Amino acid sequence: MNTFKAALRVIWRHRAYLLVYLFGLSLMMIVLMSGSVAGAQQDAASAGVYESDRATVAVVDRDGGEAGIAQGLREGLSAGCDLIALDDTERALQDAVATNYVDLIVIVPEGYAARFAEAVRTGGDVPAVRTVTSYTSGVGAMARMQMEGLLSSLRSEYRARLVHAGVDADADGALLAHSVQRVMDEAQANGRDGIAVAQTGTAGDSRTGASMFGVSMRFGGYPIMASMTVTVALVAGVFNAGRVRRRLAASAEHPSRRGMGVFLACLLLGVIASAYYLALSALLMLPLGTDASIAPESFALCAVTVLMYALMAVALGFALGQCGVSEEAANGFANVFSLMVAFTGGAWFPASLMPDAMLVLGHLLPGWWYGDALGAALGLGEYAASGPDAGAWASSTGLVLMYAAAFTCVGLAVGAIRARRPRSDTAERTTELAVG
């Protein structure tokens, strides 16, 4: 079709708008999404492992290694703490705490083993060791609680051995040493077992990939609408200009074929924009690995939704072109309307943060239903619990298509009115030709 080729040439003449709105804004989307991709990679790498902060602990033995209590505390705390050695001087200990070199200092005082054994035999309270905890970190306090738990377990173990062997059977402290070894071995074994994070559901990394893809496609709604609206409005405006319309009317091509040629050229532009953002959103998921793939049926539903959204933007641009708006007016309207549609459609803010008035406005604009169709196709948002919903997707995508039909009808109505009421300069020139 000659008109089809002419429309493509007009689009190419206005390629600057495509470079700015379609490709330029896509670079902004890549920058915004890169941080989310990096965060998703980190979350995926540590999804099944819980790692708590490790305290730095020093155990100072002033009891001469009696019953191995100091060494036992070192072994018991090593499972969840990093042990360091400190000189047993007041200056060294003070400097270590003041410079945050250590989170917890445990000092086993002289004669502690003897007092500990005596307290257990007589049923008294276990003597406390001296501790110095860093004031800038909570991990030191957690390590101290762990140390107190070890001493409590040691008391129970030693008491059980005394009851079994007799109260006076530990004159040489052998039972206390065996109790220390038993408690610390159990503490190390429990520390090696670690903590496992139970995974519920079947989402896994695929849910992360679907979320990333859905967010990027929501971001793409603004560039697609802005670029399609401006470009198609300019193309339709060129073909509706008086001089161009007279030249086309004098050609042998049927009017319906001319209109079809312009429509197909604009539709091709919408298909290219949709395919570009689909491919770009898919490429952004590559760093997440193969586990972050999307189900083919969900991807196909998203592709149809994006294509309908681009068709709606083409219809809006066609309506503007039929109204005969200027290039500046088309730019202004496209920017303001596209931003409003994206903002109220939940592309940048979740619905829970929007006031009621904005929610009502969002439901009246196509951006809301575009985002809802993507969420239903991918099983995101309110569809996260139930998974992809084909029925909800069909209804939301159908509403986007209804907006496209409404904009097309407005454009056709305006075009028909303008055809019956030609501009004054066109009428005057037609009269002059008839008189001449």
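Just so we're clear, the structure is a prediction, and the values are computed from it rather than from any experiment. (Residues numbered from 1 in each chain as written. Predicted model: local features only at pLDDT ≥ 70, side-chain atom pairs only at ≥ 80, totals over all residues. Heavy atoms only, no water.)

**Student:** Give me the lowdown on the packing of helix α3 (residues 69-77) against helix α6 (residues 139-165), citing residues and values where you can.
**Tutor:** Where α3 meets α6, the axes come as close as 10 Å, and the angle between the chain directions of the two elements is 125°. Of the possible angle classes, the one that applies to α3 and α6 is oblique. Seen along the crossing, α3 lies across α6 with a hand that is right-handed. Along its contact with α3, which presents L73, G76 and L77, the element α6 presents A143, Q146, M147, L150 and L151. By residue class, the composition of the contact of α3 with α6 is six nonpolar, two polar and no charged. (Axes fitted to C-alpha atoms, helices over the stretch in contact; angles between N-to-C directions. Helix = DSSP H or I, 4+ residues; strand = E, 2+ residues; numbered from the N terminus. Parallel < 35°, antiparallel > 145°, perpendicular 65-115°, else oblique. Left-handed = near helix turned anticlockwise from the far one by under 90°. Contact = heavy atoms within 4.5 Å. Nonpolar A, V, L, I, M, F, W, Y, C, P; charged D, E, K, R; others polar.)

**Student:** An account of the pattern of salt bridges is needed here, citing residue identities and associated values.
**Tutor:** Once their charged atoms are close, side chains differing in charge can pair, the charge on each being opposite to the other. A full pass over the atoms with the stated rule returns eight salt bridges. For D82, the salt bridge goes to R54, with nearest N and O atoms at 2.9 Å. Of this pair, D82 sits in strand β2 (residues 81-83) while R54 is found in the loop between α2 (15-45) and β1 (55-61), placing the two residues 28 residues apart along the sequence. Given a relative accessible area of 38%, R54 falls into the partly exposed group. Salt-bridge contacts for R62 lead to E90; the nearest nitrogen and oxygen are separated by 3.8 Å. Here R62 is found in the loop between β1 and α3, whereas its partner E90 is found in helix α4 (residues 90-98), with 28 residues between them in sequence. On the basis of relative accessibility, which here comes to 29%, the residue R62 falls in the partly exposed class. (Salt bridge = Lys/Arg side-chain N within 4 Å of Asp/Glu carboxyl O. Buried < 20%, exposed > 50% of the residue type's maximum accessible area, 1.4 Å probe, protein only.)

**Student:** With reference to specific residues and values, describe a nonpolar patch on the surface.
**Tutor:** Residues L8, L268, V271, I272 and L307 make up a contiguous nonpolar surface patch of roughly 360 Å² in combined accessible area. At three residues, helix α10 (residues 255-284) tops the list of elements feeding residues into the nonpolar patch. Along the chain, L8 turns up in helix α1 (residues 2-13). (Patch = residues over 30% accessible without salt bridge, like charges linked within 9 Å, V, L, I, M, F, W, Y side chains within 5 Å. Areas by Shrake-Rupley, 256 points an atom, 1.4 Å probe, with all protein chains shown as cover.)

**Student:** Please give an account of the sheet that holds strand β3 (residues 104-108) that cites residues and values.
**Tutor:** Strand order across the open sheet formed by four strands is β2-β1-β3-β4, with mixed pairing between neighbours. Because the sheet does not close on itself, it has two edges, and the strands there are β2 and β4 (130-133). Sheet twist, expressed as the average angle between the axes of neighbouring strands with direction ignored, equals 25°. The strands touched by α3 within the sheet are β1, β2 and β3, with β1 carrying the most contacts at an inclination of about 170°. Sheet strands in contact with α4 are β1, β3 and β4, and its direction is about 155° off that of β3. (Pairing = 2+ DSSP bridges.)

**Student:** How would you sum up empty space enclosed by the protein? Please name residues and give values.
**Tutor:** Counted under the stated rule, the structure contains one cavity of 30 Å³ or more. Space inside the largest cavity adds up to approximately 70 Å³. Lining the largest cavity are R218, G221, Y222, Y309, V341, A342, G345, G346, A347, G367, Y370 and G371. For the lining of the largest cavity, the secondary structure elements donating two or more residues are α8 (204-240), α12 (327-344) and α14 (366-378). Its residues assigned to classes, the lining of the largest cavity comprises six nonpolar, five polar and one charged. (1 Å grid on protein atoms, 1.4 Å probe; cavity = no way out; pocket = protein on both sides within 12 Å on 5 of 7 lines; lining within 4 Å. Points joined across faces, edges and corners; volume = space filled by probe spheres on them.)

**Student:** I'd like a rundown of the nonpolar core, residues and numbers included.
**Tutor:** Membership of the largest hydrophobic core comes to 55 residues, with the highest contact counts inside it found for F213, M217, M228, V235, Y309 and M312. At the level of elements, α1, α2, α8, α10, α11 (296-322), α12, α14 and α15 (390-420) are the ones that each hand at least two residues to this core. Beyond its immediate chain neighbours, meaning those up to four positions away, V235 contacts A7, V10, I11, V262 and C266. Judged by nonpolar contacts, the second largest core, of 32 residues, contains Y112, F116, L151 and V180. (Core = buried A, V, L, I, M, F, W, Y, C linked by side-chain atoms within 4.5 Å.)

**Student:** Any details on the pairing of β3? Residues and values, ideally.
**Tutor:** Counted residue by residue, β3 has five buried out of five residues, so it is predominantly covered. Here β1 runs beside β3; their pairing, made up of five bridges, is parallel. When the bridges of β3 are listed, V59 appears paired with V106. For β3 and β4, the ladder comprises four bridges, and the chain directions are antiparallel. If you follow V106 over to β4, its bridge partner there is T131.

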